[in-house]
Amino acid sequence: RSYFSLAFDRARGETLLFGGQKAPFLYNDTYLFDGRQWVRLSPTGTLPAARAMAAMAYDEARDRTVLFGGWLQGDIYSAETWEFDGTAWEQVFPSAPPPGRAFARMVYDEAAARIVLFGGKPDSWTALADTWEYDGTEWVQTTPATSPPARSEHHLAYDRVRERVVLFGGRSTPVDNLNDTWEYDGATWVETPPTPSPVKRYDGSLVYDEGRNRVMLFGGSSINGLAADTWEYDGVRWVRQGPPLSPSPRTGQVAVYDSWRRVAVLV
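From a predicted model like this one, the values you see are computed outputs, not experimental measurements. (Residues numbered from 1 in each chain as written. Predicted model: local features only at pLDDT ≥ 70, side-chain atom pairs only at ≥ 80, totals over all residues. Heavy atoms only, no water.)

## Side note on the pattern of salt bridges
Phase 1: Summed over the entire model, instances satisfying the criterion amount to 23 salt bridges.
Phase 2: With its nearest N and O atoms 2.6 Å apart, the salt bridge here joins Arg12 to Asp9.
Phase 3: Owing to a relative accessible area of 8%, Asp9 belongs among the buried residues under this scheme.
Phase 4: In this structure, the salt-bridge partner of Glu83 is Arg62, at a minimum N-O distance of 2.7 Å. Of this pair, Glu83 sits in strand β10 (residues 81-84) while Arg62 sits in the loop between β6 (55-59) and β7 (64-68), and the two are 21 residues apart along the sequence.
Phase 5: The class of Glu83 is buried, set by a relative accessible area of 7%.
Phase 6: Through salt bridges with shared partners, a single ionic network connects Arg10, Glu60, Glu110, Arg160 and Glu210. (Salt bridge = Lys/Arg side-chain N within 4 Å of Asp/Glu carboxyl O. Buried < 20%, exposed > 50% of the residue type's maximum accessible area, 1.4 Å probe, protein only. Helix = DSSP H or I, 4+ residues; strand = E, 2+ residues; numbered from the N terminus.)

## So, the sheet that holds strand β11 (residues 89-92)
Phase 1: On the basis of which strands lie adjacent, the open sheet formed by four strands has the order β6-β7-β10-β11 and antiparallel pairing. This sheet does not close on itself; its edge strands, each paired only once, are β6 and β11. The average angle at which neighbouring strand axes cross in this sheet is 25°, direction not considered.
Phase 2: Looking at chain direction, β10 and β11 are connected through four bridges and run antiparallel. Within β11, the position partnered with Thr81 by the bridge is Val92. (Pairing = 2+ DSSP bridges. Axes fitted to C-alpha atoms, helices over the stretch in contact; angles between N-to-C directions.)

## Considering the packing of aromatic side chains
Phase 1: Considering all chains together, one arrives at 10 aromatic pairs under this definition.
Phase 2: Every member of this aromatic cluster is reached through a ring pair, and the members are Phe18, Phe84 and Trp89.
Phase 3: The ring of Tyr27 carries Arg1 above its face, with NZ or CZ at 4.3 Å from the centroid.
Phase 4: Positioned over the ring face of Tyr202 is Arg171, at 3.9 Å from the centre of the ring. (Phe/Tyr/Trp six-rings, centres within 6.5 Å; stacked < 30°, edge-to-face > 60°. Lys NZ or Arg CZ within 6 Å of the ring centre and 35° of its normal.)

What follows is the structure, given as structure tokens:
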């Protein structure tokens, strides 16, 4: 499958996977990976409807994995918010959630104890440029003085040392790819134009490596086709890496950082 949602549960030391797509099918199953094997769960209560391209992040302060939006059967762009406590899924009902969308990205801002969401698509053609924060009770749209241009299928990670949300690339239209780098400090977005930079791409994976204080980018759909390159960003520059063994070229994958085993996990 592809376009599933992935998050690392720091309290339990497990990677959580939900849903995804293997055309023409959509899934609403829940899996856990403990570093050795995948186990399919049987959560209690009502499950989220089958979906792909939803955003998901683990809220460390509240010990909840939060799922937002996604693309549902019938070409529906969801605005639902769901939470998973390790046992059951529960839909929550904030009074003013973001408009429905797919291909948004969100991460947990540890310093602010908020989930941050940016961009996505409310339909097949339109890209969004809005920034939202979720505190476990309400969604609030923020109004940064500057903001990245509208995009979807971008890459987002949280730098825990520098306390910045890092955004890279994506695409602004179905044919226009991006390779700009932005940082969000909880108040405003600032573009950082490092040279060199990875080539334009979307639907790769971006993850913060806590052991080495680097944001790591892998793969995606680039202007040169499916990519299998690895880049690292330290807050100043992007540096291309040359690991002797690397995953094959791909797109639609997701990566998380397993803080218990101190490794990045790519699915």
